[in-house]
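One letter stands for each residue in the lines below.
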Amino acid sequence: MTSVRRLRLPDFCAPRAVLAMMLIVELTAILLALSRQGGTGAALGFWPDLARTSLFLVWVGLAAAGLLCVTRRWLARLPLPLASGVTLLMMVSLIAIVSEAAYLAGGSELLGPAQMNDLFPREHLPFLARNVGIGLIVTGLALRYFYVTHQWRSNVESHARSRIHALQARIRPHFLYNSMNTIAALTRTNPAQAEEAVQDLADLFRANLSEERAQITLKEELEVARIYQRIEQLRMGDRLKVSWQVRDLPMRALVPSLLVQPLLENAIGHGIESIPGGGEIIVEGSGVDGFVMLAVRNPLPLDNTSVARAGHGLALANIRERLALMYGDRAEVQSGRQGDEFVVRLRFPHVEGKRESSDP
């Protein structure tokens, strides 16, 4: 069954959207004032004409933002053609009402028509028809822009989901084989620990292969990473040490799923495994000024000359892409060699969900 296409408008209740509309309104006023300097606006002068046009368009812009703020959710429930038609009708009607009010205000004796005659339109129907025509064109172009932007974002999200599915399927086969061999050995020497390892392995695959939630809390993501550590600890023993310095992290912050566990996997696979005596991975983080700061450090072999292997690059590219999709340019991913360590640093806004995460 094909899904019904919907009209996706920006949230005009948000100050950022209203500010963007006011900037567009003022740029439009400047263009109109410039275009009239050789005609009807020449006698009035550029600056008075700009002031008059800006005042009119600001009222139109604020009224349109308020109307779309109130009706946005209702419009989103309508099929795309109907919602587009209703939006066009609302905007044209609004422009006609504001234009009529401006014309009537120009003829009102309360404003002193003798002193302010040049600031208001003198021809009724041409003024009304011109504004409605311009409003119809601008609104149609804006709706087309919003639709194309939404389609582009949907394609980006679909691509990101495909990338995360590839990452979910990338639990390396030798990790599974090694884990099963470790569990098989434990069944003879420590059945209770073998049972715990099987449960951890099941929980890890459930978290990695789940498609229900693209975003989880930081607390849940760290628990997935700890499960991965426990499984690898059975295989590597004392060679693997992980220091979790995460007490200052905001655990209710939302993050894309599979954020920390792939970094821990890379730190083990591209760092600890290549060091005969093993080493310590440090996972540290904090919340600073509304941002979450997270870093994963791992030691490098003394003879290591290339740390950016294929699997390493895939995970980092995927994490960078999903953070950018969720937080835009406010998110940042840095990675590289620092002395004898490889360090990955994440920085993204602290955004919490509407519900608390359940205890692991």
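Data block above holds the structure.
Residues numbered from 1 in each chain as written. Predicted model: local features only at pLDDT ≥ 70, side-chain atom pairs only at ≥ 80, totals over all residues. Heavy atoms only, no water.

Novice: I would appreciate a short explanation of the pattern of salt bridges in the present structure.
Specialist: Once the charged atoms of two side chains with opposite charge are near each other, the side chains can pair. For the structure shown, the criterion picks out seven salt bridges. Between R52 and D49 there is a salt bridge whose closest N-O contact spans 2.7 Å. Placement of both R52 and D49 in helix α2 (residues 46–76) is noted, with a separation of three residues, approximately one turn of the helix. Taking the relative accessible area as the measure of exposure, D49 reaches 0% and is therefore buried. E223 serves as the salt-bridge partner of R230, at 3.8 Å between the closest nitrogen and oxygen. (Salt bridge = Lys/Arg side-chain N within 4 Å of Asp/Glu carboxyl O. Helix = DSSP H or I, 4+ residues; strand = E, 2+ residues; numbered from the N terminus. Buried < 20%, exposed > 50% of the residue type's maximum accessible area, 1.4 Å probe, protein only.)

Novice: How should I be thinking about unusual backbone geometry in this particular structure?
Specialist: What you tend to see is this: most non-glycine residues have negative phi, and most peptide bonds are trans. Phi at D289 takes a positive value of approximately 55°, unusual for a residue other than glycine. Within the fold, D289 resides in the loop between β4 (279–288) and β5 (291–299). For D289, a relative accessible area of 76% puts it in the exposed group.

Novice: Can you walk me through the packing of helix α8 (residues 218–236) against helix α9 (residues 261–269) in this structure?
Specialist: Any two packed helices are characterised by the angle at which their axes cross and by the distance between the axes. Put simply, α8 and α9 touch, their axes get as near as 8 Å, and they point 25° apart. By the criterion of interaxial angle, the relationship of α8 to α9 is roughly parallel. The interaxial crossing formed by α8 with α9 has right-handed handedness. In contact with E221, V224, A225, Y228, Q229, E232 and M236 of α8, α9 contributes Q261, L264, E265 and I268. (Axes fitted to C-alpha atoms, helices over the stretch in contact; angles between N-to-C directions. Parallel < 35°, antiparallel > 145°, perpendicular 65-115°, else oblique. Left-handed = near helix turned anticlockwise from the far one by under 90°. Contact = heavy atoms within 4.5 Å.)

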